[in-house]
Structures are given as C-alpha cells and as structure tokens.
Amino acid sequence: MSDTPVNLDALRERIDEIDTRILELISERARCAQRVAQVKTADDPQAVFYRPEREAQVLRRIMALNPGPLDAEEMARLFREIMSACLALEQPVKVAYLGPEGTFTQQAALKHFGESAVSLPMAAIDEVFREVEAGAVNYGVVPVENSTEGVVNHTLDSFMDSSLHICGEVVLRIHHHLLIAGTTRQDKISRIYSHPQSFAQCRKWLDAHYPQAERVPVSSNAEAARLVKSEWHSAAIAGDMAAKLYELERVAEKIEDRPDNSTRFLIIGHQDVPMCGTDKTSLVVAMRNQPGALHDLLEPFHRHQIDMTRLETRPSRSGVWNYVFFIDFKGHVDQPEVAALLDEVRLRAAEMKVLGSYPQGVL
Ligand SMILES: O=C(O)C(=O)C[C@]1(C(=O)O)C=C[C@@H](O)C=C1
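Residues numbered from 1 in each chain as written. Predicted model: local features only at pLDDT ≥ 70, side-chain atom pairs only at ≥ 80, totals over all residues. Heavy atoms only, no water.

Draft legend 1. Fine view of the site of the ligand. In the vicinity of the ligand, the contacting residues are Arg29, Val36, Lys40, Phe49, Tyr50, Arg51, Arg54, Glu55, Met83, Cys86, Leu87 and Glu90. With respect to the ligand, the side chain of Arg29 contributes an N or O atom lying 2.7 Å from an oxygen atom. Between Lys40 and the ligand, the recorded distance is 2.7 Å, taken from a side-chain N or O atom to an oxygen atom. Isolated, the ligand exposes 360 Å² of accessible area, and the fraction of that covered by the protein chains is 90%. Elements with a contribution of two residues or more to the shell around the ligand: α1 (8–43), α2 (52–65) and α3 (72–90). A per-element tally of the shell around the ligand places α3 first, with four residues. (Near = heavy atom within 4 Å. Polar contact = N/O pair within 3.5 Å; in protein donor to acceptor, adjacent residues only side chain to side chain. Areas by Shrake-Rupley, 256 points an atom, 1.4 Å probe, with all protein chains shown as cover. Helix = DSSP H or I, 4+ residues; strand = E, 2+ residues; numbered from the N terminus.)

Draft legend 2. Examining the pairing of strand β7 (residues 191–194) more closely. Here four bridges tie β7 to strand β8 (residues 214–217), and the two strands are oriented parallel to one another. Note that in β8 the partner of Ile192 across the bridge is Arg215. (Pairing = 2+ DSSP bridges.)

Draft legend 3. Here's a closer look at the packing of helix α11 (residues 293–303) against helix α12 (residues 336–348). Contact geometry of α11 with α12 gives a least axis separation of 9 Å together with a crossing angle of 165°. Taken as axis vectors, α11 and α12 run roughly antiparallel relative to one another. α11 and α12 meet at a crossing whose hand is right-handed. Residue-level contacts link Asp296, Leu297, Glu299, Pro300, Phe301 and Arg303 of α11 to Leu341, Glu344, Val345 and Arg348 of α12. A breakdown of the residues in the contact of α11 with α12 according to their chemical character gives five nonpolar, no polar and five charged. (Axes fitted to C-alpha atoms, helices over the stretch in contact; angles between N-to-C directions. Parallel < 35°, antiparallel > 145°, perpendicular 65-115°, else oblique. Left-handed = near helix turned anticlockwise from the far one by under 90°. Contact = heavy atoms within 4.5 Å. Nonpolar A, V, L, I, M, F, W, Y, C, P; charged D, E, K, R; others polar.)

Draft legend 4. Broad picture of the sheet that holds strand β13 (residues 308–315). With antiparallel pairing, four strands are arranged side by side in an open sheet as β13-β14-β12-β15. Both outer strands of the open sheet, β13 and β15 (351–359), are each paired with one neighbouring strand and no more. Between one strand axis and the next, the sheet turns by 15° as a mean value, whatever way the strands run. Pairing analysis gives eight bridges linking strand β12 (residues 279–287) to strand β14 (residues 323–330), with the strands arranged antiparallel. The partner of Met287 across the bridge, within β14, is Tyr323. In the packing of helix α6 (residues 153–160) onto the sheet, the strands contacted are β13, β14 and β15, and the crossing angle to β13 comes to about 80°. With respect to the sheet, α12 is in contact with β12, β14 and β15, its orientation differing from that of β15 by roughly 155°.

This is the structure in structure tokens:
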C-alpha cells in the first residue's frame, strides 16, 4: 500500500482507525443477526437458529475471497468466532461433548461452534446421545474415526438405536505432546498415562524414547493430564487443551507417529440440514447374509457415479440386521441423483436409514 505510514506512531494510529471501522461493521453484522432471529421466529415460533449449511457457505465464501496476507483458514477462524457470537445473540447454543474437559472432542466442539457456544462435558458417548435426545442440549459432538486408529465403534453403535441426525462434521489435526508437571523429575519418568488410542498413535515414538516406561491406559487424555499433576515420576500424552487446562510443560511436542494424524467428529442433533453445495450423506444399511450382498450394495454407487468416502462394517445386534454397513458419500439427499441411488439401495437392503446430509467440514 503506497499510502501506508512508516513510523510506529502513525502505523498505530492507522490500526486504531481500522479497528474502529471493524468494530462498527461487526456491530452492524450483529444487529443484522438479531433481525434474522426476529424473522425466523415470526415465520415459526419453534424456529432453529443454528443453520449449518449457511455457516458453511459463509466460511467457504470468506476463504475464497480472502486476499491475504492472512491465510484462508486463519481468516475463516476469525469469521467462525464472529458468527458464533452472532448466533449467541440469536440464541445461546448448548453443546454436549465427550468429556472430560480438555479432550480433543472439546477442541472439536469449539472449532465447530466457536467460543460463544456453551459446551458441556459428558462421561460417555451414549450420554452425549441421551442429552441431545432428551433436549437438555441442542447438539452433541462425538468422535467417529481416526486416520491412524480407525473407527470409533461406540459412536457407530449408538446411531443404530438413535433417531438423531448428523448435522455436521469437523476434522481435527491431532497433535500429541509428552507433558509433565512443574514438580516432575524429567530424568526419572517411569510411568506414562494416556488414552489407548493415543498410545497407539505414538507407539513408535514411545518405543524409541521411553521403551522402559510403564504405559498406563486411562479413560481420556485429559484424565492422563490430571493424574500427572500429583506424581513426580509420571508423564502424560495429551493435546494442547489438556496441557493448558492442567498447566503442564511440554517435554516433547507433536510426538504422533504420523504427521497427518487427524480425527473426524460428528455433530448430532434433531434437524434436517438443507443443501449447501458441498455436502456429505451418511447411511446405515443392513444387508441379508447371502452371497453377493456387498456387491449388490455397492453396484448402484458405481453406476450413479456417487463418490463414496467411507464404508464400515459392524456386527448386527438384531436378527434382521445381518450385516450392517455405515456408508458416507458426497452429495445431499435433496439431489435427484442421490434420491435415485437411495431408492435403489432401499430396495436391495433389508433395512436402510439415512443418518443425515450435512456440509462437509470447512475448517
Ligand atoms: O443466516 C442465518 O440464518 C443466521 O442466523 C446468521 C448467522 C450468521 O451470523 O451469519 C448466524 C447463525 C447461523 O447459524 C447462521 C448464520
């Protein structure tokens, strides 16, 4: 910029002016969101305020328009928080997540809903489902698959008995650190606490650096972090949130064996989400136990050119559901080609349930 001042005082004066403008614009946006809330309730007293498809469109548009120098994801994160605050003005959103506090699931909940959402830790995945079903909270956040360790069976099983829908997904890069308390003797670490999945994701690093230390599996990374607070010879493997919550030091950072280690989380709720343009659909399908069943199920996807992103099998828990497949694919149930595909799959399956169509994770 040719008219950018060059001395510090002048630059700060310029920043103050810009901040004043940003402040006015954010306030104007917030007033606009308040009017949106009035319009929604005028149309329908039971209106839902959180609109995942609209949020995905807003964030994608900002990322596409972003001129830099901030990168597109950074910019989207800022807008994520602005929208979160605007939504809280319409209606504060309550979200249950797989706790305790400091877990990656809490991090995922905040990444998806922003800091203005009220997030409540639950002790187990089925408790998250129950809280949402009972209406005690608006949405739930549960882990569903990890790139290194695979599927979270508990979550898939919970869907079989639930009437809840998937309203969104969020993918989180998982970075594990080796953490100790201020009083820990770093040269005397003889025990390491973590969640079994995290141990599995850091196995090679641990074998190379702490082959002698006892590995103690606990119910969550946050619990591991809590335990090391009071033990001078122990360390924990956990992420940023747990480190911050329990004020632990990092002995080693990013110790996961695979640099692309990430976990996908699902947002569960009661609503059917309209199409946003970059959608995904999740299904659960039961096939009869007969030769060629899997081929019969997959063939229509191929013929309709539908891009399947995941296929998981779970043992059936009832007589009818012999083989149960969880399938994710790109597209939305309101698209004619997807509707045609689903009609065919329904005919071939013993049972089929659409778990939801929802925007593909943006951030
Ligand atoms: O467009 C809406 O429906 C709004 O409520 C506004 C807004 C926003 O701040 O942009 C806020 C919350 C919704 O989840 C989506 C978008």
